[in-house]
Amino acid sequence: MSDKPEKFIDENGIRLDGRRVDEIRPMTVEMGVLTRADGSCYLEWGNNKVLAAVYGPRELHPRRLQRPGEALVRYRYNMAAFSVEDRIRPGPSRRSTEISKVSGEAFEPVVMKQFYPSAVIDVFAEVLQADAGTRTAAINAATLALVDAGIPMKGLVAACAVGKVDGQLVLDLNKPEDNYGDADLPIAMTEDGDITLLQMDGNLTVEEVNKGIEMVREGCEQIFAIQKAALLERFGTAEEEEVLED
Ligand code: UDP
């Protein structure tokens, strides 16, 4: 028997988890949680729990993989066996391989790889608890782990999904909306608003995609603010914090 809800949005425009259609789930981040990684970040977003760790830049072996003029950025997205309702078989899957590839590419325009020729920068994103939106949660955590590792970057990357339920676009899909909704459109972007990841599952019209992208832009603005607050907490001075509070 399907546990699909009859309605996802009530007559007041409120979703099953109490959010408005353009509202993201609460997000908390903590940087520098792993002492053995060069950079790390733990992120909770709704019921998602994700840990990102960065190692490098360090020499890449085997040497035939080295890129003479720049570093190689490797991104590995992994779901812990216990992160979902039905246990996930450990090891790479088609899904995780695809997510790793596109998520790594989401950082292409921002990571200044030219400073580290022949080196590798490894990004590990471990999903500890999954509740829809884990690839976007992982990207949001990985950005901060990269900064924490001291990797030079032109800016941050934020990611959020938009989808469609009950004929309406909704930002940052929760699990029932992801499972039973009509579309899922995860997007990542730079602070300049350049889209670095866009995937789509389901059916949306061109107008809906354009409106969805605008909703994601608003969501990413909020995520950039959360990321910057975390950076200030980790690296900022007391004076800077006072300025922020004023
Ligand atoms: N999920 C699951 N088992 C899987 C893959 C996904 O239970 O093998 C759940 C998990 O909660 C995930 C959600 O389905 O967050 C949506 O998965 P999707 O592939 O859309 O990726 P995500 O939204 O997490 O980036």
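Treat the numbers as computed from the prediction; the structure is a model and nothing was measured.

A.B. asks: Any chance you could break down the site of the ligand for me, citing the residues and the numbers?
C.D. replies: Lining the immediate environment of the ligand, one finds 13 residues, of which Arg95, Ala132, Gly133, Thr134 and Arg135 sit closest. A distance of 2.7 Å separates an oxygen atom of the ligand from a polar backbone atom of Ala132. Taking Gly133, its main chain carries an N or O atom lying 2.8 Å from an oxygen atom of the ligand. Protein contact buries 75% of the 500 Å² of open area that the ligand shows by itself. Mapping the ligand onto the cavity grids shows that it belongs to the largest pocket. Of all the secondary structure elements, the ones that give two or more residues to the shell around the ligand are α2 (134–148) and α3 (175–180). Classifying every residue of the shell around the ligand gives five nonpolar, two polar and six charged.

A.B. asks: Pulling in residues and values, what's your account of the pattern of salt bridges?
C.D. replies: One pass over the structure, following the stated rule, counts 17 salt bridges. A salt bridge links Asp148 to Arg234; the nearest nitrogen and oxygen atoms lie 2.6 Å apart. Taken together, the residues Asp148 in helix α2 and Arg234 in helix α4 (residues 206–235) connect sequence positions 86 residues apart. A residue is classified by how much of its surface remains accessible, and Arg234, at 41% relative accessible area, is partly exposed. Each of Asp17, Arg19, Arg25 and Asp172 takes part in one network of salt bridges that share partners.

A.B. asks: Outline unusual backbone geometry, listing residues and values.
C.D. replies: In this structure, the amide linkage connecting Gly56 to the following residue, Pro57, adopts the cis form with an omega of 0°. Mapped onto the elements of the fold, Pro57 is located in strand β3 (residues 48–59). The peptide bond linking His61 to Pro62 adopts the cis configuration, its omega dihedral lying at 0°. Within the secondary structure layout, Pro62 lies in the loop between β3 and β4 (72–79).

Criteria and thresholds
- Residues numbered from 1 in each chain as written.
- Predicted model: local features only at pLDDT ≥ 70, side-chain atom pairs only at ≥ 80, totals over all residues.
- Heavy atoms only, no water.
- Near = heavy atom within 4 Å.
- Polar contact = N/O pair within 3.5 Å; in protein donor to acceptor, adjacent residues only side chain to side chain.
- Areas by Shrake-Rupley, 256 points an atom, 1.4 Å probe, with all protein chains shown as cover.
- 1 Å grid on protein atoms, 1.4 Å probe; cavity = no way out; pocket = protein on both sides within 12 Å on 5 of 7 lines; lining within 4 Å.
- Sits in = over half its atoms within 2 Å of the grid points.
- Helix = DSSP H or I, 4+ residues; strand = E, 2+ residues; numbered from the N terminus.
- Nonpolar A, V, L, I, M, F, W, Y, C, P; charged D, E, K, R; others polar.
- Salt bridge = Lys/Arg side-chain N within 4 Å of Asp/Glu carboxyl O.
- Buried < 20%, exposed > 50% of the residue type's maximum accessible area, 1.4 Å probe, protein only.

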